[in-house]
Each structure stands twice: as structure tokens, then as C-alpha cells.
Amino acid sequence: MLRFTKMHGLGNDFVVFDAVNQTVALTPDQLRQLADRHFGIGCDQILLVQAPIQPDAHFHYRIFNADGSEVSQCGNGARCFARFVREKGLCLEDEIRVDTRAGRLLLRHRPDGQITVDMGVPRFAPADIPLKAEQESVHYTAAAGSAIHRFGAVSMGNPHAVLPTDDVDTAPVDTVGPLLESHASFPERANIGFMQKIDAHHIRLRVYERGSGETLACGSGACAAAVVGIEQGLLQTPVRVDLPGGSLYIEWQGRGAPVLMSGPATTVFEGTLEL
Ligand SMILES: N[C@H](CCC[C@H](N)C(=O)O)C(=O)O
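Residues numbered from 1 in each chain as written. Predicted model: local features only at pLDDT ≥ 70, side-chain atom pairs only at ≥ 80, totals over all residues. Heavy atoms only, no water.

**A short note on the overall build of the protein chain**
- The helix and strand inventory of the protein chain stands at four helices and 18 strands.
- For the protein chain, whose C-alpha radius of gyration is 18 Å, the value lies close to the compact-globule estimate of 19 Å for 275 residues.
- When its C-alpha atoms are laid out on the principal axes, the protein chain stretches across 50 × 40 × 30 Å.
- By residue count, 55% of the 275 residues in the protein chain fall in the buried class.
- Counting contacts in the protein chain only where the partners sit at least 6 residues apart, residues at least 24 apart contribute 60% of the total.
- Working note: accessible area of the protein chain is about 11500 Å², and carbon and sulfur atoms make up 50% of it.
- Looking at the protein chain, you have 24 positive and 32 negative side-chain charges, and the mean spots of the two groups are 1 Å apart. (Helix = DSSP H or I, 4+ residues; strand = E, 2+ residues; numbered from the N terminus. Rg over C-alpha atoms; globule rule 2.2 N^0.38 Å. Buried < 20%, exposed > 50% of the residue type's maximum accessible area, 1.4 Å probe, protein only. Contact = heavy atoms within 4.5 Å. Areas by Shrake-Rupley, 256 points an atom, 1.4 Å probe, with all protein chains shown as cover. Lys, Arg positive; Asp, Glu negative; His and termini not counted. Charge placed at Lys NZ, Arg CZ, Asp CG, Glu CD.)

**Observations concerning the site of the ligand**
- What surrounds the ligand is a group of 15 residues, the closest being Gly75, Glu209, Arg210, Gly219 and Ser220.
- Gln45 places a polar side-chain atom, nitrogen or oxygen, 3.1 Å from a nitrogen atom of the ligand.
- Note that an oxygen atom of the ligand is positioned 2.8 Å from one of the backbone N or O atoms of Gly219.
- When the ligand sits alone it has 360 Å² of accessible area, and the protein chains cover 100% of it.
- In this structure the site holding the ligand corresponds to the largest cavity.
- Only helix H2 (75-87) and helix H4 (219-231) provide two or more residues apiece to the shell around the ligand.
- Classifying every residue of the shell around the ligand gives three nonpolar, 10 polar and two charged. (Near = heavy atom within 4 Å. Polar contact = N/O pair within 3.5 Å; in protein donor to acceptor, adjacent residues only side chain to side chain. 1 Å grid on protein atoms, 1.4 Å probe; cavity = no way out; pocket = protein on both sides within 12 Å on 5 of 7 lines; lining within 4 Å. Sits in = over half its atoms within 2 Å of the grid points. Nonpolar A, V, L, I, M, F, W, Y, C, P; charged D, E, K, R; others polar.)

**Observations regarding the packing of aromatic side chains**
- For the coordinates displayed, the defined rule picks out six aromatic pairs.
- Following the ring pairs from residue to residue traces out a cluster consisting of Phe59, Tyr61 and Phe81.
- Across from the ring centre of Phe124, 3.9 Å away, lies the NZ or CZ of Arg255, which sits over that ring. (Phe/Tyr/Trp six-rings, centres within 6.5 Å; stacked < 30°, edge-to-face > 60°. Lys NZ or Arg CZ within 6 Å of the ring centre and 35° of its normal.)

**Some remarks on the UniProt feature "site: Important for dimerization" (unreviewed entry) in the protein chain**
- Here, UniProt's "site: Important for dimerization" (unreviewed entry) annotation points to Phe269.
- Looking at where Phe269 falls in the secondary structure, it is placed in strand E18 (residues 266-273).
- Classification of Phe269 as partly exposed rests on a relative accessible area of 38%.
- Apart from the residues lying within four places of it in its own chain, the contact partners of Phe269 are Phe4, Thr5, Lys6 and Ile41. (UniProt positions renumbered as here; feature names shortened; annotations may be inferred.)

**Comments concerning the UniProt feature "active site" (unreviewed entry) in the protein chain**
- UniProt tags Cys74 and Cys218 as "active site" (unreviewed entry). Taken along the chain, the residues just named run across 145 residues; in space they keep tight, none of their C-alpha pairs more than 7.8 Å apart. Lining residues of the largest cavity drawn from the annotated set just named are Cys74 and Cys218.
- Mapped onto the elements of the fold, Cys74 is located in the loop between strand E5 (70-71) and H2.
- For Cys74, the contacting residues outside a window of four places in its chain are Phe14, Gln45, Tyr61 and Ile63.
- Secondary-structure assignment places Cys218 in the loop between strand E14 (213-215) and H4.
- Here Cys218 falls in the buried class, since its relative accessible area comes to 3%.
- Beyond its immediate chain neighbours, meaning those up to four positions away, Cys218 contacts Asn12, Asn76, His160, Val207, Glu209, Leu243 and Leu248.

**Description of the nonpolar core**
- The biggest cluster of nonpolar side chains holds 53 residues, and the ones touching the most others in it are Tyr61, Leu107 and Ile250.
- In terms of residues, this core owes the most to one element, H4, which gives seven residues.
- Other than its neighbours up to four places away in sequence, Leu107 contacts Ala78, Phe81, Ala82, Asp94, Glu95, Ile96, Val98, Thr116 and Val117.
- In this structure, Phe151, Ala171, Ile192 and Phe194 belong to the second largest nonpolar core, which totals 18 residues. (Core = buried A, V, L, I, M, F, W, Y, C linked by side-chain atoms within 4.5 Å.)

**A look at the side chain of Arg79**
- Take Arg79: it is sitting in helix H2.
- Asp112 provides the closest opposite charge to the buried, salt-bridge-free Arg79, at an N-O distance of 10 Å.
- There is a polar contact of 2.8 Å between the side chain of Arg79 and the side chain of Asn76.
- Sequence-distant contacts of Arg79, defined by excluding residues within four places in its chain, comprise Gly9, Leu10, Ile115, Val117, Leu248, Met261, Ser262, Gly263, Pro264 and Ala265. (Salt bridge = Lys/Arg side-chain N within 4 Å of Asp/Glu carboxyl O.)

Below, the structure written as C-alpha cells:
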């Protein structure tokens, strides 16, 4: 029997396991079943809270999408991670050092109850995203369906493409999202964001997530959209990102600097799982 906690960050929802005090070994089929909203618990991602591998870290953090794929970054999940380890008494510090496959995250509890995550330094080289492209650019194009799509691209520890739209409510998230998510330009697939500029410090965003489909919020996607918007000269730090599930606040001082993302994390219920 496994104990789990159901959580969400602005409606991007997670099944979280304490893998410090229990052994959690789930196959991709078990992960997919667990994420299924009819045959399982239902979630966008599964998060494992593990003992640290690096000596100066508090924890290691593993992330699995609903399709069972393991990935290296989840921003909304990182805020839930911070709430989880505090509520479970696993770590009472205000600043928590967490390692993922992609690198180091710093999770900081704020006096107002929200959490700020240092998401690391964004990477723009095509090989780092990864993206098949001759050279780095603030604009790329890809032919998909019957159209040529222009987008910015960045790695937040996971791959993101960001497309401009005049209105997120009518953006082709359901059609262009899946086409680009698995487009040949992205050797490891990608998360596809549709960004509507309100003003230089405010956007609306919808994200078709790699391995999970459209979610109510995407933390790394909010970071990617703000960074791409700043790189393209459309936005200035800080940026408020309004997602269907709520708002995140992103700060980025430019190339070489880390991206800071602030927002809420919510515990919904506790449960046990018979596998
Ligand atoms: N679908 C993402 C992982 C979850 C990211 C998202 N839930 C977030 O809050 O950053 C990927 O395949 O890279």
C-alpha cells in the first residue's frame, strides 16, 4: 500500500508520493493508470519526493507526465513540493534545495503563504532546448497542418515553444498544440504555449503540455512565455501571467540570470493506493 497526497498549483494537479519514507517503484503503465481520471486517481503529473543525491541538497525531485514519460522540470509541482515537505514535517526550513535531472531548484516559503521557486537559468541554444535549428534565434518557424507557425523557444529544464496569439480564448490550442508538441523539430517533444500580450508586464497564456495535453496552468510554461516575451522585446520584468487556473508572477533580469516564479500551492486530499 502506498500513501499519496493530491495537490494542485492553479489547477495543474498532481499525485505526490513521499518516496523518502516509502519505496515507490511504479512502471509506466502504473503511472498512466494512476493519472487516468476515470480508472485511476487522475492528475497531470506524478511527483516523487526522494532523499537527496547531491550532498548539499535537501531532496531529489522526480516528475512523470500523465503519459508515463519522465521529465526534468515542473514549476507548479515545485511549489506543491515545498508545501508537501513542510506539511509532512520532512523539512521545516524556509529555503529548500531540490535537485531534478535538469539541475538545482531553490524553493522559498514566503510570509504570505505563497512559494517562490528559483527555476534556474533559461537556455536558448537549440541543442539545449532541444530544437532542430541551424542557429539560435528569437523567432523560429515550423510547418504543421496547413500553416507555418512562428514561435520563440527556450529550455526551462524542459523544452518550450511559445506562439503569439491575439486572443488565448480562441487560440488553436487543441489543434496546433498537439501538432507542435510532437513535431519533428523537437527531438524530445515540447510544451506549447499560446501567449496573448495585455501590456509589457502582463500576459494571458494557455499551454498544451508535453505528455499531458492542455493543463489549467503550467509553471515552467509561464516562465518560458515571460522569458521569450522579454527576449523578443515585448515584455519587461516582472510579468504577471494569467492562466486559466489563476495567476503566476515571473521575474527575470536577463541572460545568465535565473527565472523566479511565485504563486500558490494547495493540498486537496490524502489517500492510500493498493497496487
Ligand atoms: N509537461 C511538462 C512537465 C510538467 C510541467 C508543468 N506542469 C509545470 O508546471 O511546469 C514536460 O513534459 O516538460
